[in-house]
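Spelled out, the chains give:
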Amino acid sequence: MRVLLCIIGGIALILAALCVPLRFSLTGAVESGGGRGCVAARYLFFCKRLFFDLYLLDPPQLTLVWHNGAERLSSHPLLGKKKKKRKSPMGHALMHALHLGEMRLTWVVGIRDDPAAAALCCGLLEHVSRIAWHAALSEKLAVDPQIAVLPRFDTDLLRLEVLGIGKVFPAQIILELLQKREKTDYGASD
């Protein structure tokens, strides 16, 4: 009887763990030369952080480098020839299961000694950011970001700060994978 209760308790614990969300957060800032950021994933009591450096004008130019704080994990050029990768079913299921709770983009625009030009750039940048977001990502990430543009008059500066928070339920990823597999099995049997 005790063994049966332990088995039922274990199954209930696993099912409960599948319904606890995996939470993601993204923070980062990019200036004209490059940027830094962090992606953190939290599940129950565990937390894993990955850091990235984005090199735009600084060497190695147009490169994204992932590291865990101490060692470099991978480097990806942003332009040039890329290997054509087959889409991963897990990545596809993860994108479908992702729920963004918040997305905040903050631009800081500085034009020294010309407040009128800084104000014009701020207005233009806010509208261009909204158009670019809705054209590129609004269908994939169904959240309307908070976009703020702050003027600076004491320095020449263009900076983008990003904050994103999202969550994924492991049970939903499993359901997405099963539905995808069912569709491919159904299509293959015809």
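Before reading further, recall that the structure is shown in the block above.
Here is what the cut-offs are and how they apply
- Residues numbered from 1 in each chain as written.
- Predicted model: local features only at pLDDT ≥ 70, side-chain atom pairs only at ≥ 80, totals over all residues.
- Heavy atoms only, no water.
- Core = buried A, V, L, I, M, F, W, Y, C linked by side-chain atoms within 4.5 Å.
- Buried < 20%, exposed > 50% of the residue type's maximum accessible area, 1.4 Å probe, protein only.
- Helix = DSSP H or I, 4+ residues; strand = E, 2+ residues; numbered from the N terminus.
- Contact = heavy atoms within 4.5 Å.
- Polar contact = N/O pair within 3.5 Å; in protein donor to acceptor, adjacent residues only side chain to side chain.
- Pairing = 2+ DSSP bridges.
- Axes fitted to C-alpha atoms, helices over the stretch in contact; angles between N-to-C directions.

A. Summary view of the nonpolar core. M103, L105, W107, V109, C122, L125, W133, V143, I147, V149, L160 and V162 form the largest nonpolar core, which has 12 residues in total. Mapped by element, the contributors of at least two residues to this core are β6 (99–110), α3 (115–136), β7 (146–152) and β8 (157–168). When residues of this core are assigned to their parent elements, the largest contribution, four residues, is made by β6. Not counting residues within four places of it along the chain, the set of residues in contact with L160 comprises G28, A29, V30, L105, T106 and W107.

B. How the structure looks around the side chain of S129. Assignment of secondary structure puts S129 in helix α3. Among the polar contacts listed, one links the side chain of S129 to the backbone oxygen of L125, at a separation of 2.7 Å. With sequence-adjacent residues up to four places away left out, S129 is seen in contact with W107 and I147.

C. Structural view of the sheet that holds strand β5 (residues 72–77). Taken in spatial order, the eight strands line up as β5-β4-β3-β2-β1-β8-β6-β7 in an open sheet, and their pairing is mixed. At either end of the open sheet lies a strand with only one pairing partner, and these are β5 and β7. Here the average twist between neighbouring strands, direction ignored, is 15°. Bridge count for strand β1 (residues 22–30) against β8 is nine bridges, and the pairing is antiparallel. Looking at β8, one finds that G28 is bridged to V162.

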